[in-house]
Amino acid sequence: MSKNELPNADHFLASVDHVNELVTSKGAAIGVAKGLLYSIVETLGVIVGDPDLPSHVRTGYQEALELARELQAKIHLH
């Protein structure tokens, strides 16, 4: 996937927000939420770890990755 084909970081932020809403409202099983977050974190980790990713683009992905990791930690505490 080239840099031009990467989804916008806002899509990842929206995904994390959606999973958070599901967990908060008890609308999804915790196992499902954990699986979704694992996939999001792994995907963002690959994107952020790409040395060719421009720094101005990396910031948005890093923000989404941090939020996803915070939600993972919150879920694991319950």
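Just so it is clear, the structure is predicted and the values come from calculations on it, not from any experiment.

A. Looking closely at the overall build of the chain. Counting its secondary structure elements, the chain contains 3 helices and 0 strands. Ordered by position from N to C terminus, the α and β elements of the chain give α-α-α. For the chain, the C-alpha atoms occupy an extent of roughly 40 × 20 × 20 Å along the three principal directions. Within the span of the chain, comprising 78 residues, buried residues form 29% of the whole. Intrachain contacts of the chain at a sequence separation of at least 6 include 67% that bridge at least 24 residues. Counting only carbon and sulfur atoms, one obtains 55% of the accessible surface of the chain, whose full area is about 5000 Å². Charge-centre separation for the chain: the mean point of 6 positive side chains lies 8 Å from the mean point of 10 negative side chains.

B. Region of the structure containing the side chain of R58. Looking at where R58 falls in the secondary structure, it is placed in helix α3 (residues 55-77). An unpaired buried charge is present at R58: no salt bridge exists, and D50, the closest side chain of opposite charge, is 6.3 Å distant. A polar contact is formed between the side chain of R58 and the backbone oxygen of D50, at a distance of 3.1 Å. For R58, the residues in contact, after removing those within four places along its chain, are I47, V48, G49, D50, P51 and L53.

C. How the structure looks around helix α2 (residues 30-48). A rise of 1.5 Å per residue sets the reference length of α2, with its 19 residues, at 27 Å; its end C-alpha atoms lie 26 Å apart and thus fit the reference within 8%. Those residues of α2 that sit buried are A33, L37, I40, V41, L44, I47 and V48. Angularly, the buried residues of α2 cover 125° about the axis, an arc narrow enough to put them on a single face. Residues of α2 that are exposed and point over 90 degrees away from its buried face: G31, Y38 and V46. As for α2, its buried residues are in contact with α1 (9-24) and α3.

D. The arrangement of the environment of H18 in detail. Here H18 is to be found in helix α1. Sequence separation between H18 and A64 is 46 residues; the distance between their C-alpha atoms is 13 Å.

How each quantity is defined
Residues numbered from 1 in each chain as written. Predicted model: local features only at pLDDT ≥ 70, side-chain atom pairs only at ≥ 80, totals over all residues. Heavy atoms only, no water. Helix = DSSP H or I, 4+ residues; strand = E, 2+ residues; numbered from the N terminus. Buried < 20%, exposed > 50% of the residue type's maximum accessible area, 1.4 Å probe, protein only. Contact = heavy atoms within 4.5 Å. Areas by Shrake-Rupley, 256 points an atom, 1.4 Å probe, with all protein chains shown as cover. Lys, Arg positive; Asp, Glu negative; His and termini not counted. Charge placed at Lys NZ, Arg CZ, Asp CG, Glu CD. Salt bridge = Lys/Arg side-chain N within 4 Å of Asp/Glu carboxyl O. Polar contact = N/O pair within 3.5 Å; in protein donor to acceptor, adjacent residues only side chain to side chain. Expected span 1.5 Å × (residues − 1). Arc of directions from axis to C-beta.

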